[in-house]
Amino acid sequence: MSTAPLVVLVGPMGVGKSTVRQQLAGRLGVGYRDTDDDIVAAEGRTIAEIFVDEGEPVFRAIEKRAVAQALAGHEGVLALGGGSVLDADTRALLAGQRVVYLSMDVDEAVKRTGLNAARPLLAINPRKQWRELMEARRHLYAEVAQAVVATDGRTPEEVTQAVLDALELKEV
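Below, the structure is looked at part by part. (Residues numbered from 1 in each chain as written. Predicted model: local features only at pLDDT ≥ 70, side-chain atom pairs only at ≥ 80, totals over all residues. Heavy atoms only, no water.)

### Some remarks on the sheet that holds strand E3 (residues 77-79)
Part 1 of the argument: If you walk across this open sheet you meet the five strands as E2-E3-E1-E4-E5, and the pairing is parallel. Each of the sheet's edge strands pairs with one partner strand only, and the pair in question is strand E2 (32-34) and strand E5 (147-150). The mean angle between the axes of side-by-side strands here comes to 20 degrees, regardless of whether they run parallel or antiparallel.
Part 2 of the argument: Strand direction decides the pairing type here: E2 and E3, joined by three bridges, are parallel. Bridge pairing links Tyr-32 to Val-77 in E3.
Part 3 of the argument: Packing of helix H1 (residues 17-28) onto the sheet brings it into contact with strand E1 (7-10), E2, E3 and strand E4 (99-103), and relative to E1 it is tilted by some 165 degrees.
Part 4 of the argument: Against the sheet, helix H8 (residues 156-167) engages E1, E4 and E5, with an angle of about 160 degrees to E5. (Pairing = 2+ DSSP bridges. Helix = DSSP H or I, 4+ residues; strand = E, 2+ residues; numbered from the N terminus. Axes fitted to C-alpha atoms, helices over the stretch in contact; angles between N-to-C directions. Contact = heavy atoms within 4.5 Å.)

In structure tokens:
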């Protein structure tokens, strides 16, 4: 018997996937999981360290495996790393899942992520880097999503409610 997450959250770094996944899980009475956390636990080092030590292609291969395992083995709320949708096989695995794309504009993103050293893809000129990342990824997030929930100017509670409403999910 195969399992599938109740909800999968996708979106850029800093959008609030970690906070919203916890709130959603609590309101739905299910567990939550984050593939970035899975990677850190399995590798014994931070994502930034993997990027620096091994490079982005190695990290993406690790991420692809982590996402496939989580999609196959988790029934609660699952948050995916910001770049996970870059992989075509991952996008195929997301087809038919309850996927919500949490979106935000560049000003909100810079406010939330700042010059965070733990975000290796935003190390230099975060506003320009974020805009370029989003130009490459926005259509992929939209492609895999059943619903898009804007997070700009909303509290995590408001975003969580919008996700529940968008998917017509009932709380426990």
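### Side note on the pattern of salt bridges
Part 1 of the argument: As enumerated under the stated definition, the model contains 11 salt bridges in all.
Part 2 of the argument: The shortest N-O distance in the salt bridge between Arg-33 and Asp-38 comes to 2.7 Å.
Part 3 of the argument: Between Asp-53 and Arg-45 there is a salt bridge whose closest N-O contact spans 3.4 Å.
Part 4 of the argument: Exposure remark for Arg-45: the relative accessible area of 17% places this residue in the buried category.
Part 5 of the argument: Taken together, the salt bridges that share partners define one network made up of Glu-43, Arg-45, Asp-53 and Glu-54. (Salt bridge = Lys/Arg side-chain N within 4 Å of Asp/Glu carboxyl O. Buried < 20%, exposed > 50% of the residue type's maximum accessible area, 1.4 Å probe, protein only.)

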